[in-house]
Amino acid sequence: MSDKVRVYEIAEEAGASSSDVIAKAKDLNIELKSAQSAVSYEDAEEIANYIMTGKSSKLQKKEPVKVKKAAVKKVIEETKVEATETKVEEKVVDTKVEKKTTVKKVGISKPKPVETEVSPKEDIVEAKKAPEEKVEKEAESAKKVDDADLEVPKIKKIIPKRRGLKIVKKKKPREVEAPKVEFNTPVAGAPKKQMKSLSEILGNNNEEKKDLAEVKSKPKKEKKKTNVRAQDHGKRLDVHRKTPDEFSNSTDSILGEEVFLLDLGLADKSKLLEEPKPQNQNKQSRSSRPAAFGNRPQGLKRGKRKKRFKRAEEEVEITDVTIPEECRVYEFAEACGKTASEVISVLFGLGMLVTKNDFLKQDELEILGEEFGIEVTVRDALEDVNYVEEYADEDIDETNYVTRPPVVTIMGHVDHGKTSLLDKIRSAKVASGEAGGITQHISAYTVDQNGQKITFVDTPGHAAFSAMRSRGADVTDIIIIVVAADDGVKPQTEEVISHAKASGCPIIVAVNKIDKESANMDMVKAQMAEREMTPVDWGGDVEFIGVSALNGTGIDDLLENILIQSEMLELKADPTAKVKGAVVESLLEKGRGPVATIIVQNGTLKVGDNIVCDTTYGRVKAITNDQGKPVKELGLSETGNVLGLNDVPVSGAVMVAQDSEKEAREIATTRAEHARAKELSKSTKVTLEEMSGLIAEGKIKQLPVIIKADVGGSLEAIKGSLEKIANEEVKVKVIHAAVGGITESDLVLAGASEGCIILGFNVRPTGSVKSKAKADGVTINTYTIIYDLLDDVKDALSGMMSAVIREENTGQAEVRDTFVVPKVGTVAGCLVTDGKVIRGGHARIIRDGVVTYTGKISSLKRFKDDAKEVANGYECGIMFDKFNDIKVGDFIETFIQIEEKVSIDD
Ligand SMILES: Nc1nc2c(ncn2[C@@H]2O[C@H](COP(=O)(O)OP(=O)(O)OP(=O)(O)O)[C@@H](O)[C@H]2O)c(=O)[nH]1
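Quick caveat, the model's predicted, so the values are computed rather than measured.

Our next topic: the overall build of the protein. Summing up its helical and strand segments, the protein has 34 helices and 35 strands in all. Scored against the burial criterion, the 906 residues of the protein give a buried share of 46%. Long-range pairs, those at least 24 residues apart, make up 72% of the contacts in the protein with a sequence separation of at least 6. For the protein, the accessible surface area stands at approximately 45000 Å², while carbon and sulfur atoms represent 49% of it.

Right, here's the structure in full:
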């Protein structure tokens, strides 16, 4: 039953009624009684085709077909179970020329004939095994009968009409893929198997000659195409209801032959056995596809290809690169077509340890360029937002030029009177109001001298002055170096001279405190001349003005000199130009926000201007002049506090007005982002020497600190000073330095670094911060005087330094005689010639002026008694611990070791 198809199924597939099917079947001489009647597949197909096309081969040769078909069918059913591979193959080969024959043979080749009708086929099988003429003949005749039965030519004509007929089960691509296995593996329950092969055949017919490879490669797709229903019913015919177009457009000629062979289930055999070729070809073509890319196996193709391309890229010789100023190792490597490790190893070879994320310095870039033979051009990363350069490039209209007041910076050694002098000049006693009388932040003031203005900038130190210059804020026109007449040139004075000279500004030396009795003008002049600061009256070019900040002596003289210098400098600027200035001080004021003290260098700064100060920007909300009075604008070389910036700018930032706030914002934010990125990626690289030094220790000890200060100037000064307090053993490591109060985040930061202390200058922790610091055990030290802060840090560093062991000689004795005591050793009979000899103390034996031994005295006797010490002029017996080579004439020097604490200043 399983290989039969019922009438109603045929009706369903053919789109007709069961009675139509029965009637049509009758035309074909197939007797069917009811919708439940069953027919063979072949008949079912015939009927279905007949219904759909109105044609059938059976119309002509009804009876023989019917009989033979049935016979053949049975044979197939029963013999497939034991089909042998050898036979199948043999026969396929034999029948390649004539497919029909092949079909027959295979069909017949089943070894176990069950019914009498099948006997000829069995004969053939036997004949194959043991060829006998007779049997062969029989076989031949059997073949002929079969061939005739099938009526090949007629079926050929039908081919096109068969399209659209599909057998559900065939849609199992797996089976199509491995035809041999299917055919050669006998499986019990053969009907199913038979169904499969049959359906395959049908499928192939209907699907044009869609290569098996395709079926294989898209098994799922294929499955989808088929409407599989009633799976238990394995033998259902499924007629695809294709549109007429589909039918008419199909190519049937090739299919025809195969459709033809299907009844015997051999068409697919032959086909499938032929198919492997295309399959193989397909496989080959798959593997040969990569051949187009270089004959590589597909799996390896990608990687290799990539590599190959990469290599090709590398081969392109790069002779010059343009890189941004801030360039990381890997970026440089990329630009040069090298690997990061190549770059790292070159630098490593030169003793520089870098990681691929480190920024390269100018010298490193030069080395790398030379090493790789590449010309390296450095491009400014902030090129597009270099507002200072842009300003400089703008057209200058000299017609509006006017003489501008000079900007003077006063520098000098601590306590030589800078602030006092400035105060005197301004006729205001601000020094007394300052904590400790020390200048702790940069401030700027403008004074009037006989109708001519002079702007003074008071700095907390020359380091801050240079830091400002390095940021491009070259505001100073003239430098005054203050030297106390009674103190002369001091270390800081020397540093100031270097900074002043480096700036290229004209220098005037103010010899202060000439009111003092101990004042010695000539001494100062001589000391300065030694440092290439020769006074004009000594034939040099430096003016020396004697002044007293205390009583005002020489002040006018000094101011006049400044004006003369200024005149010589021909300082000019355009008050109508777009404003440019410099930030000399900045702070965050509660209730007012960021406040910047600005000196105007060109143009006029007005309320409402959109300004950029490096990484900050804003619209000027208000201006207060140097006397604290609100003003609408600041003129050339004038100074004042400006409100309206979005953040606290750094001291030394150049201020330039922009046409719009948007423009200002864009420049500042881009610069801020860049600065932030730079800060985050700050290199931690150390040289090999430094590394080995670090390893050889824990010698290097660091005191991690966080500095918080009220204003930027003080912060700079403290940071600069702290970083200088270091020797080969200890140093300060500034983890974080910022303007503003101490916050909880500072505590978190401090907690993250062992031993970190927070140094606050003119700031104090409040409420929660204070209690959290206590709870977290974070030390916060606050100061109002910079020196106190520095002293504390020095003390802390000194405490970290190793103690020094000092030797102190106690006395000397001369060996006058030696005695050997058996089992004890040599006793030196000595006379103490200096100081005293101490028992248990250290001693060295000096022979002919050379130290021959250093050890400990084990026994000291005066006559026969042990003595603690023996004083000068007395005789004694001395024995050494494990040393007996003492000779007459040797000197024994005794000493003690004293451990001493050292301070950072030592
Ligand atoms: N006799 C005398 N004392 C002076 C004179 N100028 C300054 N002093 C004193 O010297 C000390 C230091 O003066 P400052 O003006 O604070 O010195 P400074 O160089 O500004 O010091 P720092 O701000 O700490 O760098 C003060 O006690 C002043 O009173 C002077 O012309 N004559």
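A separate point is the nonpolar core. Here is a general trend for soluble globular proteins: nonpolar side chains tend to be buried in one another's company. Core analysis: the biggest nonpolar cluster contains 22 residues, and L421, I425, I454, F456, I480, L558 and I562 have the highest contact counts within it. Within the residue set of this core, elements represented by two or more residues are β8 (407–412), α24 (418–426), β9 (443–449), β10 (452–458), β11 (478–484), β12 (507–512) and α28 (555–569). Counting residues per element, this core draws most heavily on α28, which supplies five residues. Of all hydrophobic cores here, the second largest spans 20 residues; its members include L703, V705, I786 and L790.

Moving on, we get to the packing of helix α2 (residues 18–27) against helix α3 (residues 41–53). Between α2 and α3, the shortest axis-to-axis distance is 9 Å and the interhelical angle comes to 100°. In this view, α2 runs roughly perpendicular relative to α3, as classed from their interaxial angle. Note on element contacts: α3 touches α2 through I47, Y50 and I51, opposite V21, K24, A25 and D27. Split by residue class, the contact of α2 with α3 holds five nonpolar, no polar and two charged.

Okay, unusual backbone geometry next. The phi torsion at N29 lies on the positive side, around 65°, for a residue other than glycine. Take N29: it is sitting in the loop between α2 and β2 (38–40). Backbone geometry places F863, a non-glycine residue, at a positive phi of 55°. Judged by its relative accessible area of 68%, F863 falls in the exposed class.

Within the fold, D574 resides in the loop between β14 (572–573) and β15 (580–589). It is K606 that comes nearest to the buried, bridge-free D574 among opposite-charge side chains, at 10 Å. Polar side-chain contacts of D574 include one of 2.5 Å to the side chain of T576. Apart from the residues within four sequence positions on either side, D574 is in contact with D397, N400, Y401, N602, G603 and L636.

With that settled, consider the pattern of salt bridges. Scanning all chains against the criterion turns up 19 salt bridges. E589 is paired through a salt bridge with R592; the nearest N and O atoms lie 2.7 Å apart. Between E807 and R844 there is a salt bridge, with its nearest N and O atoms 2.5 Å apart. With E807 in strand β28 (residues 804–821) and R844 in strand β30 (residues 842–847), this pair connects stretches of sequence that are 37 residues apart. Through salt bridges with shared partners, a single ionic network connects E494, E530 and R531.

Let us look at the pairing of β8. In terms of burial, β8 is a largely internal element, six of the six residues being buried. In this sheet, β11 lies alongside β8 in parallel orientation, the contact comprising five bridges. Paired with I410 across the strands is I480, a residue of β11.

Now for the environment of L860. Within the element layout of this structure, L860 appears in strand β31 (residues 850–862). Distance in space between the C-alpha atoms of L860 and F880 is 9.1 Å, their sequence separation being 20 residues. In this view, L860 contacts V837, I838, R839, D865, D866, A867, K868, E869, V870, C876, G877 and I878; residues no more than four positions away in its chain are not counted.

Every buried residue of helix α20 (residues 329–336) is accounted for by V329, F332, A333 and C336. Buried positions in α20, seen along its axis, are confined to an arc of 100° and lie on one side of it. In this fold, the buried residues of α20 make contact with β5 (320–324), α21 (340–349), α22 (362–372) and β6 (375–379). Phi turns positive, to about 70°, at G337, one or two residues after α20.

Moving on, we come to the packing of α21 against α22. At a closest axis distance of 10 Å, the pairing of α21 and α22 adopts a crossing angle of 110°. As far as their axial angle goes, α22 and α21 are roughly perpendicular. Two secondary-structure elements touch here, α21 through E342, V343, V346 and L347 and α22 through E364, L368, E371 and F372.

The next thing to look at is the pairing of strand β16 (residues 593–602). In terms of burial, β16 is largely enclosed, as 10 of its 10 residues are buried. When β15 meets β16, the two strands line up antiparallel, connected through nine bridges. Pairing of L588 across the sheet is with P594, part of β16. Here β15 hands over to β16 after three residues, with G591 in that stretch at a positive phi of 85°. Judged from the five bridges that link them, β16 and strand β22 (residues 639–645) form a sheet pairing that is antiparallel. The residue of β22 that forms the bridge with A596 is V642.

Attention shifts here to the state of the cysteines. Tallied over the full model, the rule gives zero disulfides. The structure places no disulfide on C830, whose sulfur is separated from the nearest cysteine sulfur, that of C876, by 5.2 Å.

So, about the confidence of the model for the protein. Considering every residue of the protein, the mean pLDDT works out to 70; 64% of them sit at 70 or more. Low pLDDT, under 50, characterises residues 61–314; the stretch is placed with 369 contacts to residues that sit more than four places away or in other chains. Counted against residues more than four places away or in other chains, residues 682–696, with its pLDDT under 50, gives 17 contacts. Taken together, the chains of this predicted complex give a pTM of 0.45 and an interface ipTM of 0.97.

A few words on a negative patch on the surface. Taken together, the side chains of E383, D384, E389, E390, D393, D659 and E663 make up a negatively charged region of the molecular surface. It is helix α23 (residues 387–393) that provides the largest number of residues to the negative patch, a total of three residues. Positionally, E663 belongs in helix α29 (residues 661–680). Exposure remark for E663: the relative accessible area of 32% places this residue in the partly exposed category.

Within the secondary structure layout, R847 lies in strand β30. The class for R847 is buried, based on a relative accessible area of 18%. Polar side-chain contacts of R847 include one of 2.8 Å to the side chain of D890. Beyond its immediate chain neighbours, meaning those up to four positions away, R847 contacts T852, D885, I886, K887 and D890.

Per the stated rule, a full pass over the model turns up three aromatic pairs. Aromatic pair Y853 and F880: ring centres 5.9 Å apart, planes at 85°, arrangement edge-to-face. Of this pair, Y853 sits in strand β31 while F880 sits in strand β34 (residues 875–880), and the two are 27 residues apart along the sequence. With 4.0 Å between their ring centres and 5° between their planes, Y853 and F883 make a pair best called stacked. Taken together, the residues Y853 in strand β31 and F883 in the loop between β34 and β35 (891–900) connect sequence positions 30 residues apart. Of the residues examined, F883 reaches a relative accessible area of 16% and is grouped as buried. Joined through ring pairs, the aromatic side chains of Y853, F880 and F883 make up one cluster. When the ring centre of Y50 is taken as reference, the NZ or CZ atom of K24 above it lies at 5.2 Å.

What follows is about α28. For α28, built from 15 residues, the straight-helix expectation of 21 Å at 1.5 Å per residue is met to within 8% by its first-to-last C-alpha distance of 21 Å. Of all the positions in α28, only I555, L558, L559, N561, I562, L563, Q565 and S566 are classed as buried. Among the residues trailing α28, E570 stands out with phi positive, at a value near 50°.

The residue Q601 is located in strand β16 in this model. Under the relative-accessibility criterion, Q601 is labelled buried at 18%. Along the primary structure Q601 and G635 are separated by 34 residues, whereas in three dimensions their C-alpha atoms are 8.5 Å apart. When residues no more than four places from it in sequence are discounted, the contact partners of Q601 are R404, D474, V475, A573, K580, G581, A582 and L636. One polar contact links the side chain of Q601 to the main-chain carbonyl oxygen of D474, over a distance of 3.4 Å.

Calculation notes
- Residues numbered from 1 in each chain as written.
- Predicted model: local features only at pLDDT ≥ 70, side-chain atom pairs only at ≥ 80, totals over all residues.
- Heavy atoms only, no water.
- Helix = DSSP H or I, 4+ residues; strand = E, 2+ residues; numbered from the N terminus.
- Buried < 20%, exposed > 50% of the residue type's maximum accessible area, 1.4 Å probe, protein only.
- Contact = heavy atoms within 4.5 Å.
- Areas by Shrake-Rupley, 256 points an atom, 1.4 Å probe, with all protein chains shown as cover.
- Core = buried A, V, L, I, M, F, W, Y, C linked by side-chain atoms within 4.5 Å.
- Axes fitted to C-alpha atoms, helices over the stretch in contact; angles between N-to-C directions.
- Parallel < 35°, antiparallel > 145°, perpendicular 65-115°, else oblique.
- Nonpolar A, V, L, I, M, F, W, Y, C, P; charged D, E, K, R; others polar.
- Lys, Arg positive; Asp, Glu negative; His and termini not counted.
- Salt bridge = Lys/Arg side-chain N within 4 Å of Asp/Glu carboxyl O.
- Polar contact = N/O pair within 3.5 Å; in protein donor to acceptor, adjacent residues only side chain to side chain.
- Pairing = 2+ DSSP bridges.
- Arc of directions from axis to C-beta.
- Disulfide = S-S within 2.5 Å.
- pLDDT = per-residue confidence, 0-100.
- Patch = residues over 30% accessible without salt bridge, like charges linked within 9 Å, V, L, I, M, F, W, Y side chains within 5 Å.
- Charge placed at Lys NZ, Arg CZ, Asp CG, Glu CD.
- Phe/Tyr/Trp six-rings, centres within 6.5 Å; stacked < 30°, edge-to-face > 60°.
- Lys NZ or Arg CZ within 6 Å of the ring centre and 35° of its normal.
- Expected span 1.5 Å × (residues − 1).

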